[in-house]
Amino acid sequence: MAIATVNPATGERIREFDALGEKELEQKVALAAEAFAGQRRTSFAERAELLRRTAGILEEEAEALGRIATLEMGKTRPAAVAEVRKSAAGCRWYADHGEEMLADQPWPVERARVFTRYEPLGPVLAVMPWNFPYWQVFRFAAPALIAGNVGLLKHASNVPQVALAIEDVFRRAGWPDGVFQSLLVPSSAVEGLLGDDRIRAATLTGSEPAGREVGAAAGRNIKPSVLELGGSDAFVVLPSADLAKAVESAVQSRILNNGQSCINAKRFIVHREIAGEFTRQVTERMAALTVGDPAKDDTDLGPLSSADAVETLHRQVTDTVRAGARLHTGGETVAGPGFYYPPTVLTDIPDGSPGQHEEFFGPVALIWQAEDLDDAIRIANDSPFGLGGSAWTTDPAEQERLITEIETGMVYFNEFTQSTPEVPFGGVKNSGYGRELASFGPRTFVNAKTVWLA
Ligand code: NDP
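Residues numbered from 1 in each chain as written. Predicted model: local features only at pLDDT ≥ 70, side-chain atom pairs only at ≥ 80, totals over all residues. Heavy atoms only, no water.

- As annotated in an unreviewed UniProt entry, the protein carries the name NADP-dependent succinic semialdehyde dehydrogenase and is attributed to Amycolatopsis ultiminotia.
- Among the UniProt annotations of the protein, the heading Sequence similarities (unreviewed entry) holds the following wording: "Belongs to the aldehyde dehydrogenase family." (UniProt positions renumbered as here; feature names shortened; annotations may be inferred.)

1. Considerations on the packing of helix H4 (residues 77-101) against helix H5 (residues 135-146)
Logical step 1: Between H4 and H5, whose axes approach to 9 Å, the crossing angle comes to 15°. Looking at the two axes, H4 sits roughly parallel to H5. Two packed elements cross with a definite hand, and for H4 against H5 that hand is right-handed. Counted together, Glu83, Lys86, Ser87, Gly90, Cys91, Tyr94, Ala95 and Gly98 of H4 and Trp135, Phe138, Ala142, Pro143 and Ile146 of H5 form the full contact between these two elements. (Axes fitted to C-alpha atoms, helices over the stretch in contact; angles between N-to-C directions. Helix = DSSP H or I, 4+ residues; strand = E, 2+ residues; numbered from the N terminus. Parallel < 35°, antiparallel > 145°, perpendicular 65-115°, else oblique. Left-handed = near helix turned anticlockwise from the far one by under 90°. Contact = heavy atoms within 4.5 Å.)

2. Regarding the site of the ligand
Logical step 1: Around the ligand sit 26 residues, and of these Met128, Trp130, Ser157, Ser207 and Glu359 come closest.
Logical step 2: The contact in question runs from an oxygen atom of the ligand to an N or O atom on the side chain of Ser207, over 2.6 Å.
Logical step 3: Within the side chain of Glu359, a nitrogen or oxygen atom sits 2.6 Å from an oxygen atom of the ligand.
Logical step 4: Burial of the ligand by the surrounding chains reaches 79%, relative to a free accessible area of 860 Å². (Near = heavy atom within 4 Å. Polar contact = N/O pair within 3.5 Å; in protein donor to acceptor, adjacent residues only side chain to side chain. Areas by Shrake-Rupley, 256 points an atom, 1.4 Å probe, with all protein chains shown as cover.)

3. Here's the deal with the pattern of salt bridges
Logical step 1: Counted by the stated rule, this structure contains 31 salt bridges.
Logical step 2: For Glu358, the salt bridge goes to Arg315, with nearest N and O atoms at 3.7 Å. Within this pair, whereas Glu358 is found in the loop between helix H12 (354-357) and strand E14 (364-370), its partner Arg315 is found in helix H11 (residues 307-322), the two being separated by 43 residues in sequence.
Logical step 3: Shared partners join several salt bridges into a network, and the residues in it are Glu61, Glu167, Asp168, Arg171 and Arg172. (Salt bridge = Lys/Arg side-chain N within 4 Å of Asp/Glu carboxyl O.)

4. Re the sheet that holds strand E19 (residues 432-433)
Logical step 1: Read across the sheet, 6 strands follow the order E7-E6-E5-E8-E9-E19 without closing on themselves; strand pairing throughout is mixed. Where the open sheet ends on each side, the last strands, each with one partner, are strand E7 (180-182) and E19.
Logical step 2: Summarising the sheet, strand E9 (residues 225-228) and E19 pair through 2 bridges and their orientation is antiparallel. Its bridge partner being in E19, Glu228 is matched across the sheet by Gly432. (Pairing = 2+ DSSP bridges.)

5. Comments concerning the domain arrangement of the protein
Logical step 1: Taken domain by domain, the protein consists of domain 1 (2-229 + 431-453) and domain 2 (233-421).
Logical step 2: Opposite the 29 residues of domain 1 that make contact, domain 2 presents 28 residues.
Logical step 3: The contact between domain 1 and domain 2 buries some 2200 Å² in all, and 55% of this surface belongs to carbon and sulfur atoms.
Logical step 4: Put simply, domain 1 and domain 2 have 1 salt bridge between them.
Logical step 5: Between Asp297 and Arg77 there is a salt bridge; the shortest N-O distance is 3.0 Å.
Logical step 6: For the interface between domain 1 and domain 2, the tally reads 13 residue pairs in polar contact (both at pLDDT 80 or more).
Logical step 7: Elements with a minimum of two residues in the side of domain 1 that touches domain 2: helix H3 (62-73), H4 and H5. (Domains from an automatic or database assignment. Buried area = accessible area lost by both parts, 1.4 Å probe.)

6. Regarding the packing of helix H13 (residues 373-381) against helix H14 (residues 396-405)
Logical step 1: In contact at an axis separation of 11 Å, H13 and H14 are set at 25° when each is read in the N-to-C sense. With respect to each other, H13 and H14 are oriented roughly parallel. Crossing of H13 against H14: the hand is right-handed. Two secondary-structure elements touch here, H13 through Leu373, Asp374, Ile377 and Asn381 and H14 through Glu398, Arg401, Leu402 and Glu405.
Logical step 2: Residues that form the contact of H13 with H14 fall into these classes: 3 nonpolar, 1 polar and 4 charged. (Nonpolar A, V, L, I, M, F, W, Y, C, P; charged D, E, K, R; others polar.)

7. Some words on the environment of Arg40
Logical step 1: Its place among the elements puts Arg40 in the loop between helix H1 (22-39) and helix H2 (44-60).
Logical step 2: Between the alpha carbons of Arg40 and Gly432 there is a distance of 29 Å; along the sequence they are 392 residues apart.

8. A word on the UniProt feature "domain: Aldehyde dehydrogenase" (unreviewed entry) in the protein
Logical step 1: The UniProt record marks residues 3-451 with the feature "domain: Aldehyde dehydrogenase" (unreviewed entry), using the residue numbering of this structure.
Logical step 2: Between the end C-alpha atoms of residues 3-451 the distance is 46 Å, and the span holds 41% helix and 19% strand.

9. Quick word on helix H8 (residues 208-220)
Logical step 1: Here H8 is 13 residues long and its end C-alpha atoms lie 18 Å apart, about the 18 Å a rise of 1.5 Å per residue gives.
Logical step 2: Of all the residues in H8, the buried ones are Gly211, Val214, Gly215, Ala217 and Ala218. Along the axis of H8, the buried positions cluster into a sector of 160°, meaning they face one direction only. Exposed side chains of H8 directed beyond 90 degrees from the buried face belong to Pro209, Arg212, Glu213 and Arg220. (Expected span 1.5 Å × (residues − 1). Buried < 20%, exposed > 50% of the residue type's maximum accessible area, 1.4 Å probe, protein only. Arc of directions from axis to C-beta.)

10. Re the nonpolar core
Logical step 1: With 88 residues, the main nonpolar core has Leu125, Tyr134 and Phe140 as its most contacted residues.
Logical step 2: Sorting elements by how many residues they give to this core places H5 first, with 9 residues.
Logical step 3: When we break this core down by domain, the ones giving at least three residues each are domain 1 (2-229 + 431-453) and domain 2 (233-421).
Logical step 4: Formed by 27 residues, the second largest nonpolar core is a distinct cluster that contains Ala325, Trp368, Leu373 and Ile377. (Core = buried A, V, L, I, M, F, W, Y, C linked by side-chain atoms within 4.5 Å.)

See below:
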């Protein structure tokens, strides 16, 4: 895939970028290693101050930075600006709390002073996706850098200008040369980078196939990795729920980021007593959304990221309908330029159809009717993914069963799943492994060194 900016709202190819040559790549990796040698000796206070300055730039320039994301991957203007601000908040969170999260941890040994010291590992390679092109990067970078690591970013090929803008923000914030660099390289370069001894760890957010490749390459080279992959999150609605709020949140969560978030609610599993009414209300709201130019303020739903994304989603919808699902709204491709897909609602999802087990990365709501709580849990767990999910019930006994029995890394009640710096984030099953954010983020790329002082 070419490294290029293509505006998904129009299909226009705006700019192409040359991939780094072998020599340039070598220089950047060498610079990262050199930067780490200095960075590991800096104090938490110094690194926190640089993170605060990084946050300051992100806050001041949120509008301009947000415009680049809208141009390259099509998220709406308010969503793009909010994402840059959230990235700033992430930097501030780790500036304020990183040191306490990584403080020496004592162990109860009588004859010696024993503790764990969390030392940085070195240059960490981050392979990142286009869907939250700022937040995904800062979600990795703020905790990694506060711990004293340095970052090498291989961003998705369709967001090169965001990649360069992020590198520039770090530079202007005053981080030493080489502490954070963007590598404009194709995904085929990742294997070689992971074989380089100077790179000590990897993190990837993206699709399951990419996760398998990067996880395997990290394993072959005995390097720790974090994989944050796709999801097909369940949104379980039971009779005690506030139906109006559940409907509102269902639509919001399904269309967030034009339907292209790993934690969008994707599979709606509704108790039979309320399934008909829920489907009617969700369909009505989905059909009423304004689809259009993401740069305009009244747009609810912008385009998908690429022509390929539209093709994949449409194939999934048509195959699911062909297998017997019922289409309530949408389901037709949109004529004209740009990579748009209409809000779509499907029910009666047949076993074996793409709707049952595939991730639908776009504004398509898949609705199941559940007989009872047991049936709802069974359907929710009938997925190769296990990222997040939410359940709508005010009954404590039902909540307790769902907490225990839902096979995911996160479960939210009466709110949809979110990603926020103070709360751990990550999945199980084919959604990946490892946790980001909270105190897990800074403790991921560290050597937990045991120290025994007799
Ligand atoms: P990818 O997983 O292909 O891309 C994510 C990142 O991984 C990009 O930087 C990409 O680089 C890189 N990459 C891809 N393949 C490899 C590989 N074999 N080795 C090393 N790096 C690799 O996602 P897509 O953009 O193609 O989206 C496809 C699907 O992935 C979506 O429909 C969705 O299901 C899922 N996805 C999930 C995301 C999430 O948040 N969990 C985010 C994005 C996608 P390059 O761009 O150069 O190919």
